[in-house]
Amino acid sequence: MYTIYVGDKPIILTTKVEKETDFKSFLLKSVNIGKVIKILNSTDLNAVHLIHKNQDKLLKHFLKLLPNVVAGGGKVYNTNNEVLFIYRNNKWDLPKGKTEGKESIEETAIREVEEETGVEGLKITKALPTTYHIFKRNGKHKIKITYWFEMKTKFDGKLYPQEKEGITKVEWLDNKTAQKALDNSYANIKILV
């Protein structure tokens, strides 16, 4: 099973056919993805299930429905065990961004964290779950696939929000403050924090 978010509402890729309650089901092979996005954005349905009989082909078939954007990001801990958050588009988020050139996804994640926050000396400690969400740019929908990594740093210098990317704040948040920030964040970020 995979979950792809449209805003905070999930598209669930599954092999299971269930009785519809607060969600609607479609066959993945014949679905009109534009219609699904419209339903999620304009109705009170809580989710859409896209069904395919083969578990191994769920994600592969889904990713063919729209152009893909690949990104890397980080959940960064400092020596006080605080997590690095950015504030962009009036929401708390974790730093991430698109791959450039021939860089590896790990290089992308580290570069993006550095560019968006000013934090240096990052070390990847482990991979985190990959997230998927649909967004709209220039009138076209795309699927963003974000590969996340847990990182550690001893950096204790000044934080610099990358304003040209729309970031207005960068802060280290302790567990209690991070949980409060998640009230104004994205569904994908809540999975990671």
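Residues numbered from 1 in each chain as written. Predicted model: local features only at pLDDT ≥ 70, side-chain atom pairs only at ≥ 80, totals over all residues. Heavy atoms only, no water.

Novice: Got a minute to help me understand the overall build of the protein chain in this structure?
Specialist: Counting its secondary structure elements, the protein chain contains five helices and 12 strands. Here the C-alpha atoms of the protein chain give a radius of gyration of 18 Å, agreeing with the 16 Å that 2.2 N^0.38 yields for 193 residues. C-alpha extents for the protein chain along the principal axes are approximately 50 × 35 × 30 Å. Considering the protein chain as a whole, with its 193 residues, one finds that 48% of them fall into the buried category. Counted over contacts in the protein chain with a minimum sequence separation of 6, partners at least 24 positions apart contribute 68%. Of the roughly 10800 Å² that the protein chain leaves accessible, carbon and sulfur atoms contribute 48%. (Helix = DSSP H or I, 4+ residues; strand = E, 2+ residues; numbered from the N terminus. Rg over C-alpha atoms; globule rule 2.2 N^0.38 Å. Buried < 20%, exposed > 50% of the residue type's maximum accessible area, 1.4 Å probe, protein only. Contact = heavy atoms within 4.5 Å. Areas by Shrake-Rupley, 256 points an atom, 1.4 Å probe, with all protein chains shown as cover.)

Novice: What's the story with the packing of aromatic side chains in this structure? I'm lost.
Specialist: How two aromatic rings sit relative to each other is set out by the distance from centre to centre and by the angle between their planes. Taken as a whole and assessed by the stated rule, the structure comprises three aromatic pairs. Plain terms: the ring middles of Phe85 and Trp92 are 6.3 Å apart, the flat faces sit at 85° to each other, and that makes the pair edge-to-face. In terms of burial, Phe85 and Trp92 fall into one category: buried. Every member of this aromatic cluster is reached through a ring pair, and the members are Phe85, Tyr87 and Trp92. (Phe/Tyr/Trp six-rings, centres within 6.5 Å; stacked < 30°, edge-to-face > 60°.)

Novice: Help me understand the environment of Asn41 in this model?
Specialist: With respect to the helices and strands, the residue Asn41 is situated in helix α1 (residues 33-42). Given the relative accessible area of 54%, Asn41 is considered exposed. As a C-alpha pair, Asn41 and Lys9 span 32 residues in sequence and 8.4 Å in three-dimensional space.

Novice: What's the story with the side chain of Asn188 in this structure? I'm lost.
Specialist: Within the secondary structure layout, Asn188 lies in helix α5 (residues 187-192). Residue classification places Asn188 among the buried residues on the basis of a relative accessible area of 7%. Those residues in contact with Asn188 that lie beyond four places of it in its chain are Tyr5, Thr131, Tyr132 and His133.

Novice: Would you explain unusual backbone geometry in this entry?
Specialist: The phi angle of most residues is negative, glycine excepted, and most peptide bonds adopt the trans form. Positive phi, normally seen in glycine, also occurs at Asn89, with a value near 50°. Positioned with a positive phi, Asn138 is a non-glycine residue whose angle comes to about 50°. Owing to a relative accessible area of 80%, Asn138 belongs among the exposed residues under this scheme.

Novice: Any chance you could explain the nonpolar core here in plain terms?
Specialist: Within soluble globular proteins, side chains that are nonpolar tend to cluster in buried spots. Ranked by internal contacts, the top residues of the largest apolar core, which has 24 residues, are Ile11, Leu13, Val36, Leu50, Phe62 and Ile134. Contributing elements (two or more residues each) for this core: β1 (2-6), β2 (9-14), α1, β4 (47-51), α2 (58-63), β10 (131-137) and β11 (140-152). Per element, the largest residue contribution to this core is five residues, and it comes from α1. Contact partners of Phe62, with chain neighbours within four places excluded, come to Ile4, Ile11, Leu13, Leu28, Ile33, Leu50, Ile134 and Ile143. Counting residues in hydrophobic clusters, the runner-up holds 15 residues, among them Ile105, Leu122, Leu159 and Trp172. (Core = buried A, V, L, I, M, F, W, Y, C linked by side-chain atoms within 4.5 Å.)

Novice: Any chance you could explain the pairing of β10 here in plain terms?
Specialist: Both faces of the sheet carry side chains from a regular strand, because those side chains alternate between them. In terms of strand pairing, β1 meets β10 through two bridges, oriented parallel. Opposite Tyr5, over in β10, you have His133 as the bridge partner. The turn linking β10 back onto β11 is made up of two residues, and Asn138 within it adopts a positive phi angle of 50°. (Pairing = 2+ DSSP bridges.)

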